[in-house]
Amino acid sequence: MTDLQNVLLLLHYLNAFLAFFQSYTLHFSAYLMGKIYWLWDLARSPLPWCYRKFEYLLKWSHKAMLFYLNSFWIQLLYFMIISLLGFFVLVILDRNITRIDKPTANLDLFYMSVSATTVSSLVSLNMEDFSVSQLVVLIVLMLLGGEVFTSIISLNLKKIRLRALAAQNEPKICTVTDIESAIQVHSGGNINSDSTTTAVDAAAAARNNDTEPEAFTIEQKKLKCLNHLRHLLLGYFTVVQLCGIALILLYFCLNADARRILERKRINPVLFSVFTTVSSFASCGLIPTNENMMAFKEHSVLLIILIPLVMMGSTMFPPCVNLVVWVIKRAFPRAELNYLLEYAWELRFAHLFPLKNSLFLAASDLGFITVQFILFCFLEWNSEATEGLSAYQKVIGGLFQSVNSRHSGESAFNISLFSPALLVVYIIMMYIPPYTFLSPNKAEGTRGEINGGGKKGKGREALRFWLPPQPAYPILFIVIVCLTEQSSIRRDPLNFSVLNIAFEVMSAYGNVGLSIGYSCQQVLRIVKRDCKDTSASFSGKWSKQGKIVIIIVMFFGRLKKFTAGGGKAWHTL
């Protein structure tokens, strides 16, 4: 009897549980269906709440970026975001890098991404170890980080700003409400026919007046000029690189020796042509070979093709822009093109100079190249670095090296074999800003684009006033690197000399990319057994802390134009 009662009690509990489960299931299904219907209605609505919030956030960030953020922060965010995206893509893609040690693998890839984005061209890995897909990623990073492309982006931002300002200054249309308000003001509250007629005549005269405010006319004129300039820069950016790719590819088709070098390294000629053209025009200096352009130092025609590409994308960019505007103005006369040439500084575009300053810039740049070329011929004509080359090859190679020492960083020689005097000259040339020129007159206008445009607050001016002068920053970075590499300096004093460290830091600060490299022949015998020669830059052998410092230096060097006016509180007697 007891067992039967237990069974009945168990069945009763089971029945109660099933009833509860059925009721809970019905309630839950009704609740779930209600949520599904709510989500369906939300999705069917033309502007759901989340979409409206996202749209508001985009509008707010767009407005803040245009009117409140300084150009320095806009460009810093741009380079950091592009570098991070490039790093993530390089990590995701299949890697062919076998020699890289795992603890620093991600740091080295981030190093390479920053180097390509800031067009610094320092390398911490062998270039031939990268896969084809990773080389394509580096091409995209160099395109996005080049001076010409970033100038087009800044030009578009400036155009949007001017358009917004023009919309704010646009004259209002006279409405019935405005007429009634004018009547009230004119008559002092007493409306009669005479006062009404006078107010209406005044409103009609204001409405029929076709004369626009002077500021509005100027903004419209600037908008048209910027629109023409944007099209010119896009054409310049596209045509120059397409011509460079075609010429390099044609050279490899006609020269079997150069083609065999690529076949031996298993590099596609089309990929090499695109990579080298983009790198040269962006003033980056990365080449998909471990030896950079040293593998082609005997191919003088190829070096001649690259020399104008390097100059047209860096120091000679403003004179080339002026030349393109002048040629098109002669072929298709337009008032906007005359305005571009005559009132260049009023547009506050950092790469558009008055014609006189462009000529001074071109002459000064050619002067710097001539000085370096003369020193190269005097110091390195019979040196170990140029051994085995003919006189013609030495002249072209020396000219190529002199052009690249300013801001591109491609190397046709092993510069670790150069004399210390020439290395010091290269350090000075890497430090000199790209748009430095000698002029008997004071420079016209102000660099509005560099300073972000608009009026600065007193706090920002005070900060710029008390900041250290620009020459102090690379010295500070050299000291920091010497602190992070203390152990290497003691263990390997020949490679880790202060001159080599200063050369590497100045190369990163100038976004040049020249590197003395690391030589196992200079390593002391007690540590030579662990040494392995590599084509990476000298900083590729630094510690993690040193690599992080050089990454910061590359970012800082890419944005050093924003610190050009600081340090006025510091004086020397």
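Scoring rules and cut-offs
Residues numbered from 1 in each chain as written. Predicted model: local features only at pLDDT ≥ 70, side-chain atom pairs only at ≥ 80, totals over all residues. Heavy atoms only, no water. Helix = DSSP H or I, 4+ residues; strand = E, 2+ residues; numbered from the N terminus. Buried < 20%, exposed > 50% of the residue type's maximum accessible area, 1.4 Å probe, protein only. Contact = heavy atoms within 4.5 Å. Areas by Shrake-Rupley, 256 points an atom, 1.4 Å probe, with all protein chains shown as cover. 1 Å grid on protein atoms, 1.4 Å probe; cavity = no way out; pocket = protein on both sides within 12 Å on 5 of 7 lines; lining within 4 Å. Points joined across faces, edges and corners; volume = space filled by probe spheres on them. Nonpolar A, V, L, I, M, F, W, Y, C, P; charged D, E, K, R; others polar. Axes fitted to C-alpha atoms, helices over the stretch in contact; angles between N-to-C directions. Parallel < 35°, antiparallel > 145°, perpendicular 65-115°, else oblique. Left-handed = near helix turned anticlockwise from the far one by under 90°. pLDDT = per-residue confidence, 0-100. Core = buried A, V, L, I, M, F, W, Y, C linked by side-chain atoms within 4.5 Å. Expected span 1.5 Å × (residues − 1).

Comments concerning the overall build of the chain
Then comes step 1: Scanning the chain for helices and strands turns up 23 helices and zero strands.
Then comes step 2: Per-residue burial over the chain gives 45% buried out of 573 residues.
Then comes step 3: Contacts in the chain between residues at least 24 apart in sequence constitute 77% of all its contacts with a sequence separation of at least 6.
Then comes step 4: A total of about 30900 Å² of accessible surface is found on the chain, and carbon and sulfur atoms cover 65% of it.

What about empty space enclosed by the protein?
Then comes step 1: What the rule picks out here adds up to four cavities of 30 Å³ or more.
Then comes step 2: Here the largest cavity is characterised by a volume of approximately 60 Å³.
Then comes step 3: Lining the largest cavity are ten residues; nearest its centre among them are Gln75, Ser151, Ser154, His351 and Lys561.
Then comes step 4: Sorting elements by how many residues they give to the lining of the largest cavity places helix H6 (residues 147–168) first, with four residues.
Then comes step 5: Here the residues of the lining of the largest cavity sort into two nonpolar, five polar and three charged.

Section: the packing of helix H13 (residues 317–331) against helix H15 (residues 355–380)
Helix packing for two helices is described by the angle between their axes and how far apart those axes are.
Then comes step 1: Interhelical geometry of H13 versus H15 gives an angle of 135 degrees and a closest axis separation of 8 Å. Considered as vectors, H13 and H15 are oriented oblique to each other. When the axes of H13 and H15 are compared, the crossing they make is left-handed. In this structure, H13 contributes Pro318, Pro319 and Asn322 to the contact, and H15 contributes Leu355, Ser358, Leu361 and Ala362.
Then comes step 2: Tallied by class, the residues present in the contact of H13 with H15 amount to five nonpolar, two polar and no charged.

Looking at the confidence of the model for the chain
Then comes step 1: Per-residue confidence for the chain gives a mean pLDDT of 75, with 67% of residues at or over 70.
Then comes step 2: Counting contacts from residues 185–200, a segment whose pLDDT is below 50, to residues more than four positions away or on other chains yields twelve contacts.

Details of the nonpolar core
Then comes step 1: Counting 122 residues, the largest nonpolar core has Met127, Phe296, Phe418, Phe503 and Val505 as the members making the most contacts within it.
Then comes step 2: In terms of residue count, helix H9 (residues 214–254) provides more of this core than any other element does, twelve residues in total.
Then comes step 3: Not counting residues within four places of it along the chain, the set of residues in contact with Val505 comprises Pro474, Phe477, Ile478, Val481, Trp542, Ile550 and Val553.

Considering helix H16 (residues 391–407)
Then comes step 1: Taking 1.5 Å per residue as the helical rise, H16 with its 17 residues ought to reach 24 Å, and the 26 Å between its terminal C-alpha atoms agrees with that figure.
Then comes step 2: Most of H16 is tucked away, with 13 of its 17 residues classed as buried.
Then comes step 3: Positive backbone phi, at 90 degrees, marks Gly409, one or two positions downstream of H16.

Examining the layout of surface pockets
Then comes step 1: What the second largest pocket holds in volume is close to 810 Å³.
Then comes step 2: As for the second largest pocket, its lining consists of 43 residues, of which Met294, Asn414, Ser515, Ile516 and Gly517 are closest to the centre.
Then comes step 3: Contributing elements (two or more residues each) for the lining of the second largest pocket: helix H17 (420–431) and helix H22 (498–509).
Then comes step 4: Its residues assigned to classes, the lining of the second largest pocket comprises 19 nonpolar, 21 polar and three charged.

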